[in-house]
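Per-entry structural report
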Amino acid sequence: MKESPYWNPRHETMPRDQIEALQVRKLKNLVAWTERQVPWHAARLKAAGVTADSIRSLKDLRRIPLMTRDEWMQAQLEKPPFGPLLAAPEETAIRYHLTSGTTGRIPLQVLDSMKDWEWIAEMWCYGFWGFGVRPADIVFFAFSYGTFVGFWGAHYACEKIGCLVLPGGNMTTEARVKQILSMKATVVCSTPTYALRMAQEAKSIGVDLAGSPVKRLILSGEPAGSIPATKRLIEEEWGAKAADTAGMTEVGTIMIFECAQQPGGTHIIEDHYIEEVVDPVTGDPVGYGELGERLITSFGRGMIPVLRYRTRDLVVRVPATACTCGRTFDIYEGGIRGRVDDMKLVRGTNVYPRAVESIVREFKEIDEFRIHLYTADGRQDEIEVLVEIPDRDGVNADRILGELATSLSQAHEGLRFGVKKVENGSLPRFELKAKRLQDDRIVIGTAGEPRVTA
Amino acid sequence: MKNAMGLELSDSERTLVECYQGLVRVLQESKDLAPFERRNALKAVAALWQVVNGLDLDPGNIYEIGA
């Protein structure tokens, strides 16, 4: 029998009307479960006049109140440590994790039961199998294996698939590169930033990664996995294909993955989630091809029901037909485009870190960079990009600095960018979510009051 | 056996579903299982739940049996 390219062939190729029927049925079940088990949610649903019986189509989803991270945090503060959000006794949990904390005051803390934890791996299986990972593969995880959920589910997914798993926690970058080679890993999992970091390290110790057995990279944790220039650079340095995925601790696992066709975006796992895209200000739905904020409703983790959660992620949804893989799951073109709160306004121009990165990555000679915002003379916002350009034969750093400044300015309505070369190794390196933007601007007219508070 | 979408399951699929249902029943009803029996059966149920869910049998949540 021919091997399926899909993890769940029936669901992944289901006609659109059947996907929607499946979602409505699961939504009804989810609302019924939540009403019964979580008084906190039940009160909100009741106030909005929502009952399981009243769910008849996907339009009814919009009657369910939105849930925010602030509400979740507040609920945790009022009833520590998990808030009044658990739908099952804590004793049934086998895992504890918390958010990595790129935003927010306190991390969100979550629990998973045995069945939920297995489901978390199941979602990663859609992604790994869909990108061509098979039992014969040897998979290396460049991951710290802590309380941040990160690649935990992916690790168990690979065990489920039957791969040989190499857990690369608590290792130096050099040791990781050496183990990838010595164990003949065929798949490497890391953040996009760390994939580049390992490539740098390999060069510095004289290793040719492009000649290694690595054929696939599975990227997660940052939007950069779908930035074409960054992805191209990673693929060139590794001589391998790279796939983007994205997940969140709030649901415990991934909700989108890139298939082997690499359509320039990520399929939504629509048999396990309902994803909506809305205007972040008005909350109104936006259509295919329009930028908006994604909301997630998850059918997976029963222990902590998630209904219409505001993710703050910016996405552009396009129909499944944008890909030739045969899946009927819609796509987020360009993956996660950034965060609603990522955007910086500099002298009237919108600046998105992702857009800056996509330009910086066009210059392969740049090893690392940082975006720095500051207030000059106490009265004018300035933006500069600090770059590391190692001295190599034939590399003209002055030319690169000039061209980069021009490209950045042209892409930002003529906004002036300072571009400075800094000492090699002086900028921070990241293993998990990279934080390359530093905002030191002050409130103009004050003696130095920070505009952005930590 | 038909799933919630009205599709008939294959013989192999039906066998997997029956296996899941049998394990859940044993875990609900048997009070005398040894630790190695109960905990391994729970792991199997957690995995088979994914199959039953993926086949649209709407297995619900099974926290009451410890999974």
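Residues numbered from 1 in each chain as written. Chains lettered and ligands numbered in written order. Predicted model: local features only at pLDDT ≥ 70, side-chain atom pairs only at ≥ 80, totals over all residues.

Glancing now at the overall build of chain B. A count of helical and extended segments in chain B gives two helices and zero strands. Along the three orthogonal principal directions, the C-alpha set of chain B runs to about 40 × 20 × 20 Å. Counting the 67 residues in chain B, one finds 28% classified as buried. By sequence separation, contacts in chain B at least 24 residues apart represent 55% of the contacts at least 6 residues apart. (Helix = DSSP H or I, 4+ residues; strand = E, 2+ residues; numbered from the N terminus. Buried ≥ 20, exposed ≤ 12 C-beta atoms within 10 Å, placed from the backbone. Contact = placed C-beta atoms within 7 Å.)

For chain A, the count of helices and strands is 11 helices and 20 strands. For chain A, the C-alpha radius of gyration of 23 Å lies close to 22 Å, the compact-globule estimate for 454 residues. Each of the three principal axes of chain A carries a C-alpha extent, and together these read 70 × 65 × 40 Å. Residues counted as buried form 43% of the 454 residues belonging to chain A. When contacts within chain A are restricted to residue pairs at least 6 apart in sequence, those whose partners lie at least 24 apart make up 66%. (Rg over C-alpha atoms; globule rule 2.2 N^0.38 Å.)

Turning to the interface of chain B and chain A, a few remarks are in order. With 16 residues of chain B in contact, the opposing surface of chain A contributes 16 residues. Looking at the side of chain B that touches chain A residue by residue, the classes come out as nine nonpolar, four polar and three charged. (Nonpolar A, V, L, I, M, F, W, Y, C, P; charged D, E, K, R; others polar.)

We now examine the pairing of strand β8 (residues 253-257) of chain A. The side chains of a regular strand alternate, residue by residue, between the two faces of the sheet. Residue and element names in this part refer to chain A. β8 sits mainly inside the fold: five of its five residues count as buried. Note that strand β7 (residues 241-248) and β8 share four bridges and pair antiparallel. In the strand pairing of β8, Thr-245 is matched with Phe-257. Bridge count for β8 against strand β9 (residues 265-268) is two bridges, and the pairing is antiparallel. Residue pairing across strands places Ile-256 opposite Ile-268, the latter belonging to β9. (Pairing = 2+ DSSP bridges.)

A separate point is the sheet that holds strand β19 (residues 417-421) of chain A. Residues and elements named next belong to chain A. The sheet built from four strands is open, its strands ordered β19-β18-β17-β20 with mixed pairing. At either end of the open sheet lies a strand with only one pairing partner, and these are β19 and β20 (437-439). Across this sheet, the average inter-strand angle for adjacent strands is 20°, counted without regard to direction. Sitting on the sheet, helix α10 (residues 353-360) touches β17 (368-376), β18 (380-388) and β20, and the angle it makes with β17 is about 130°. Strand contacts of helix α11 (residues 397-410): β18 and β19, with the helix running at about 155° to β19, the strand carrying the most contacts. (Axes fitted to C-alpha atoms, helices over the stretch in contact; angles between N-to-C directions.)

Take the domain arrangement of chain A next. Residues and elements named next belong to chain A. Domain assignment breaks chain A into domain 1 (1-341) and domain 2 (344-439). Relative placement of domain 1 and domain 2: their C-alpha centres are 29 Å apart. In this assembly, 21 residues from domain 1 lie in contact with 15 residues from domain 2. Only α8 (192-204) and α9 (228-238) provide two or more residues apiece to the side of domain 1 that touches domain 2. Within the side of domain 1 that touches domain 2, the residues separate by chemical class into eight nonpolar, 10 polar and three charged. (Domains from an automatic or database assignment.)

Turning to the packing of helix α1 (residues 11-29) of chain B against helix α2 (residues 35-54) of chain B, a few remarks are in order. Residues and elements named next belong to chain B. Following both chains from N to C, one finds α1 and α2 inclined at 140°, their axes separated by 9 Å at the closest point. Relative to α2, the element α1 is oriented oblique. In this structure, the crossing between α1 and α2 has a hand that is left-handed. Mapping the contact onto sequence places Leu-16, Val-17, Cys-19, Tyr-20, Leu-23, Val-24, Val-26 and Leu-27 in α1 and Arg-38, Ala-41, Leu-42, Ala-44, Val-45, Leu-48, Trp-49, Val-51 and Val-52 in α2. The residue makeup of the contact of α1 with α2, split by class, is 16 nonpolar, no polar and one charged. (Parallel < 35°, antiparallel > 145°, perpendicular 65-115°, else oblique. Left-handed = near helix turned anticlockwise from the far one by under 90°.)

Our focus in this paragraph is the nonpolar core. Residues Val-139 and Cys-189 of chain A together with Val-45 of chain B are the most contacted members of the largest nonpolar core, which totals 111 residues. When residues of this core are assigned to their parent elements, the largest contribution, 11 residues, is made by helix α5 (residues 114-130) of chain A. Setting aside its immediate chain neighbours within four residues, Val-139 of chain A contacts Cys-158, Cys-163, Val-165, Leu-166, Ala-185, Val-187 and Cys-189 of chain A. Among the nonpolar cores identified, the runner-up in size contains 14 residues, and Ile-366, Ile-371, Ile-383 and Phe-417 of chain A belong to it. (Core = buried A, V, L, I, M, F, W, Y, C linked by C-beta atoms within 7 Å.)

What follows is about the packing of α5 of chain A against helix α6 (residues 152-161) of chain A. Residues and elements named next belong to chain A. Relative orientation of the contacting elements α5 and α6 amounts to 70°, with a least axis distance of 8 Å. As far as their axial angle goes, α6 and α5 are roughly perpendicular. The way α5 lies across α6 gives a crossing that is right-handed. Contacts between α5 and α6 involve Ile-120, Ala-121, Met-123, Trp-124, Cys-125, Phe-128 and Trp-129 from the former and Gly-153, Ala-154, Tyr-156, Ala-157, Cys-158, Lys-160 and Ile-161 from the latter. Grouping the constituent residues of the contact of α5 with α6 by class yields 12 nonpolar, one polar and one charged.

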